[in-house]
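# Close look at the chain arrangement
Residue strings, one per chain:
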Amino acid sequence: MTFIYDWLAKIGYTHPLHPVFVHFPIGLTAGAFFLMLGFLLLKQSSLQISSRHVALLALLFLPFAIVTGIMDWQRFYAGVWLPEIKIKLTLAITLFLLLALVIWLGLRKTSANGILLALLTLAVVNIGALGYFGGELVYGSRVPKAPVALQAGQRIFEGNCAGCHPRGGNIIVPQLPLRSAPQLNEFGTFLAFLRNPKMPDRTTGLMPAFPASKLSDQEVRQLYLYLRFAFVESRREEMMPSPEMSLQ
Ligand code: HEC
């Protein structure tokens, strides 16, 4: 599997694979639903046949989306069982079963179209939820949640840093993640770094500087406390803020 991603990186493709494949089953599922709805409203039998064919295509493409999803999960989330991953896997398997049921019932001439529409409605709700939790995975939890006292710092992180440092990583220079940065050990070092970021060898890298006009010393302090909570203390204390931590 690493081989596939390494090879893709050689030709300049470094993204996840799932987004490329996921639109086929998702779009086709929605198509099957609307064709069935059209059949029930307009009573044109060709729409019913189309709905069944489109549902079959959705079922055939779904495994590609599931497999690339699992591959991306291993590659980009290190196979960690995040809640969103559990939900998405459950939803994907449910979608597979729903589509299989739609096709099987459709083949039996006696089956009621109302039931087919109900199943396809569930399938459409399912793909909506799959999309929602996909978004949660990519955007929702780039940032660990903070207790109220640290929320100002969390907002500064979301607004200024999380784009390049999602989940405390580093999308530009992955070997220099925020979560294990030596600058988080002491506030003075952290402040100096933000004002004038440097690579470990003291050369200038790609990290933008944050002058006082962008983030005041007070804001940098709030940010620092939040980062310590989110990425340093959490490793020791399972996401609980230490009692002596305050904004002073
Ligand atoms: C445009 C992308 C980008 C943004 C925005 C950004 N950084 Fe960085 N950051 C980097 C890069 C790239 C590096 C690697 C060093 C370099 O290139 O200067 C880095 C390195 C760091 C390091 C040192 C990591 C190490 O292990 O040595 C810290 C600490 C850090 N950033 C904190 C922050 C904070 C805090 C913010 C928000 C105020 C922020 N960064 C915003 C790209 C960014």
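Remember, it's a predicted structure, so these values are computed and weren't measured experimentally.

The next subject is the layout of surface pockets. As a volume, the largest pocket reaches approximately 1300 Å³. Lining of the largest pocket is provided by 38 residues; of these, Pro16, Asp72, Phe76, Tyr77 and Val138 occupy positions nearest its centre. When contributions to the lining of the largest pocket are tallied by element, the ones reaching two or more residues are helix H2 (18–42), helix H3 (45–76), helix H4 (83–107) and helix H5 (113–140). Counted by class, the lining of the largest pocket contains 24 nonpolar, nine polar and five charged residues.

Around the ligand sit 24 residues, and of these Cys161, Cys164, His165, Leu206 and Met207 come closest. Between the ligand and Pro177, the relevant distance is 3.3 Å, taken from an oxygen atom to a main-chain nitrogen or oxygen of the residue. Between the ligand and Met207 there is a distance of 3.3 Å, counted from an oxygen atom to a backbone nitrogen or oxygen. When atoms are counted within 2 Å of each cavity's grid points, the one that captures over half of the ligand is the second largest pocket. Breaking the shell around the ligand down by element, the ones donating at least two residues are helix H7 (187–195) and helix H8 (217–237). Sort the elements by how many residues they give to the shell around the ligand and H7 lands first, with three residues. Residues of the shell around the ligand, tallied by class, amount to 19 nonpolar, five polar and no charged.

Rules and cut-offs
Residue numbers restart at each chain and count upward from 1, following the sequence in its written direction. It should be noted that, the model being predicted, local features are given only for residues of pLDDT at least 70 and side-chain atom pairs only at 80 or more, the latter also being counted only at that level, while totals for whole chains, interfaces and linings use all residues. The basis for every side-chain value is the complete set of non-hydrogen atoms in the structure, without hydrogens or water. Definitions used throughout: a 1 Å grid over protein atoms alone; a cavity as a set of points that fits a 1.4 Å probe which cannot get out; a pocket as an open set with protein on both sides within 12 Å along at least five of seven lines; a lining residue as one with an atom within 4 Å of a point. Grid points are joined across faces, edges and corners, and a volume is the space filled by probe spheres set on the points. Under the DSSP-based scheme used, a helix requires at least four consecutive residues in state H or I and a strand at least two consecutive residues in state E, with every element numbered from the N terminus. In this classification, the charged set is Asp, Glu, Lys and Arg, the nonpolar set is Ala, Val, Leu, Ile, Met, Phe, Trp, Tyr, Cys and Pro, and all remaining amino acids, among them Gly, are polar. The nearness test applies per residue and asks whether one of its heavy atoms lies within 4 Å of the molecule or strand. In protein, a polar contact requires one atom able to donate a hydrogen and another able to accept it; more generally it is a pair of N or O atoms within 3.5 Å, and residues adjacent in sequence count only if both atoms are side-chain atoms. Criterion for pocket placement: a molecule counts as inside a cavity or pocket if more than half of its atoms are within 2 Å of its grid points.

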